[in-house]
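The residues making up each chain are set out below.
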Amino acid sequence: MKVSVVIATYKREESLKNLLKDLFAQNENDFEIIIVDQSPSPSNVLSEIAAGSNGKVSYIAGISQNAALARNRGVKEAKGEIVVLCDDDILVKPDFITNHLKNYSERDVGGVSGRVVCYGDGPVGDIKAVGRIRKYDGKITANFNADFKTEVEHAYGCNLSFRRELLIKTGGYDERLIGTGSFDDADVSFKIRKLGYKIVFEPMADAVHLLSVGGYRDLSFEEKMYWYYHNFMIFYLKHMHKVFLPLFLIRQVCGSFRRAFTKKNPAVINFSLSGLASGVSDYLKLNEKGRMKASIKSKENIKRILATRLQGMGDVVCFMPALRSLRDNFPGAEITVLVGRLSGREVIENCPWIDAVIFYDIEKKRNYFEKIRFVKLLRQKKFDLIIMSSQEVGFALKAFLSAARYRAGFGRYTVNGITSTDRFGFLNSLSLESRKPEHDIEANLRLLETLGLDIKNRNLELPVKEKDAAVAAGIFNEAGFGSKKVVAINPSSNRSVKNWPKEKYAQLIKELKEKHGAEVVLIGAQKDMQLNREISGMSGSKILDLAGKTTLGELIAVLNKCHLFIGNDSGPMNIAAALNMPVVALFGPGDEVKFRPYCANYIVVSKRVDCAPCNEHSCALDKCMQPIEVEEVLRAAEFFLSRQ
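Residues numbered from 1 in each chain as written. Predicted model: local features only at pLDDT ≥ 70, side-chain atom pairs only at ≥ 80, totals over all residues. Heavy atoms only, no water.

A. Up close: the overall build of the protein chain. Looking only at helices and strands, one finds 22 helices and 22 strands in the protein chain. For a compact globule of 644 residues, the expected C-alpha radius of gyration is about 26 Å, and the protein chain comes in at 26 Å, within 12% of that figure. Each of the three principal axes of the protein chain carries a C-alpha extent, and together these read 75 × 60 × 50 Å. Taking all 644 residues of the protein chain together, 55% fall into the buried category. Only carbon and sulfur atoms are counted for the fraction: they give 51% of the accessible area of the protein chain, which is about 27700 Å². If the 92 positive side-chain charges of the protein chain are averaged to one point and the 76 negative ones to another, these points end up 5 Å apart. (Helix = DSSP H or I, 4+ residues; strand = E, 2+ residues; numbered from the N terminus. Rg over C-alpha atoms; globule rule 2.2 N^0.38 Å. Buried < 20%, exposed > 50% of the residue type's maximum accessible area, 1.4 Å probe, protein only. Areas by Shrake-Rupley, 256 points an atom, 1.4 Å probe, with all protein chains shown as cover. Lys, Arg positive; Asp, Glu negative; His and termini not counted. Charge placed at Lys NZ, Arg CZ, Asp CG, Glu CD.)

B. Structural detail: the side chain of N499. Looking at the element boundaries, N499 is found in the loop between β17 (486–490) and α17 (502–516). Polar contacts involving the side chain of N499 include one to the side chain of S493, which spans 2.7 Å. Beyond its immediate stretch of four places on either side in the chain, N499 contacts P491, S492, S493, N568 and M625. (Polar contact = N/O pair within 3.5 Å; in protein donor to acceptor, adjacent residues only side chain to side chain. Contact = heavy atoms within 4.5 Å.)

C. Just helix α13 (residues 368–381), in detail. Compared with the 20 Å implied by 1.5 Å per residue over 14 residues, the 20 Å span of α13 between its first and last C-alpha is a close match. Residues of α13 that are buried include every one of F374, V375 and L378, and no others. Seen along its axis, α13 keeps its buried residues to an arc of 95°; they face one direction. In α13, the exposed positions that point more than 90 degrees away from the buried face belong to F369, I372, R373, K376 and Q380. In this structure N367 caps α13, since a side-chain oxygen of it lies 3.1 Å from the backbone nitrogen of F369. K382, located one to two residues past α13, shows a positive phi value of around 55°. (Expected span 1.5 Å × (residues − 1). Arc of directions from axis to C-beta.)

D. Structural detail: the sheet that holds β17. The parallel open sheet is built from six strands, whose spatial order is β19-β18-β17-β20-β21-β22. A strand with exactly one partner marks an edge of an open sheet, and here the two such strands are β19 (544–545) and β22 (602–606). Of the strand pairs in this sheet, strand β20 (residues 564–568) and strand β21 (residues 583–587) are connected by four bridges, and their pairing is parallel. Looking at the pairing, G567 lines up with A585 of β21. (Pairing = 2+ DSSP bridges.)

See below:
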């Protein structure tokens, strides 16, 4: 039987490299390794390991920090009949895979839980119960360091395996069980056992758990309590006897008070009880696959769709995967996009997956009569479905008054450290909350998935028109670039506080040209022409300055011909990511978790400060961007240029 080893990783590159050495030394030969990286930036080291493995290792980056989501992605990509799921901080022996695999000769074995020895633990002792769950309160026996084989009720997350066909059949990991990773493996085990298969504990398939820093250990104790109780509530409501629910709740409430007293931290009570309430809410709203119980039943009845994305260029670009998914699910529907900024309208007019655009200038102040006329316009369009994208908190009342049958959006959304709450969110058919951490693109796709839609493609893409490609080719020919490496630099953004100092851009350009012989293209809007002239003059170099000289389509085509993009957190950065070109992104006050480049090859250069992220447009302290050194950005650029 072919085996797929799936490893969900988060900020544990060193310990993962040690695990990979152990896996490469396995006695079994017919297996593959799939690494699913949830870290904010892709690992160059892991990319190189995958590239040099002759197809043995696959590396997937850009996944939100959600172990359930990461494992589901790995299972989806797996080709083996058996999927071995490992933590990224374990050490294993050469017969590790063999000892997992031997149990599947019994046809009624659906999963195997391997032995887990925590680093530094003493002798095993007299262990009698392994992998049991108490029926009235869901209490788990978590001791998986026994020396005897036995049938168990659940598996232990850092070392386990399942038949892939059963993971697919049961829907895999419940992506609502997030945060601390608690109860997600028990949930999968219960679902597989309900199909008539058994889970066995195999002591010979042992692993040493290093308990490295990273993963959920990056959370504060209060956050751990929130997600522990959130997951516990969902797991209990799904699998335990409801007759014991009052006793269960009493135990959990008392437990939160006990932990608060032990830790001398009253905040634990609030976090714990909030977690319980959130778990109940998620359980009631969603089915076991994480979809709304009141999801769209008949796609054929959806004829007209309105999607809202009121922000500027970069935000609209990040909405493209959601628009493509809407088109995939409703190929015959008329899709209209509501935009609120001119830069956003220019982007959306190049989108091939929509039919119409409504421009609603959000900078303009409107009286009540104008707002009523706008709602009347929405009613006249007779939309069947309104999708309010991640940052459109506050649109719920207008959507409700439009009389659309389905209205899906976010009741609460946190961006740049500020949480917006829609007091009319209860009027939506579906009202989600943003997760932390979660990329803005993933948030919008999660909204569609929860509504019951299928997501076939999660990639960020932006088409290049032939006429624009011809213009870009002419620009490059006239500049005489030939076969030289071309670096596009965008030194501006919509907020001056996000801009790297112009003096440092000038020094960077000088270094790129002198050390790498690279040509540099400065881009920007008309308002950026003076800034670009100053940078060009300070660099003392010949630079192609295209600020204000191209249409958006032509800019996209120009970037598509470049070898590297360097710039601030901005719209052009997202365009570069959509073209899947290497990106060096300079982040300061922006939220890099939600708005990092959504592509395979990128490096974020940042000096994180206590007050970031924020929504300020200027800052007297200037401690976000100023500390970023030219040498740091140059090293990131050299990493990509040296591989081309």
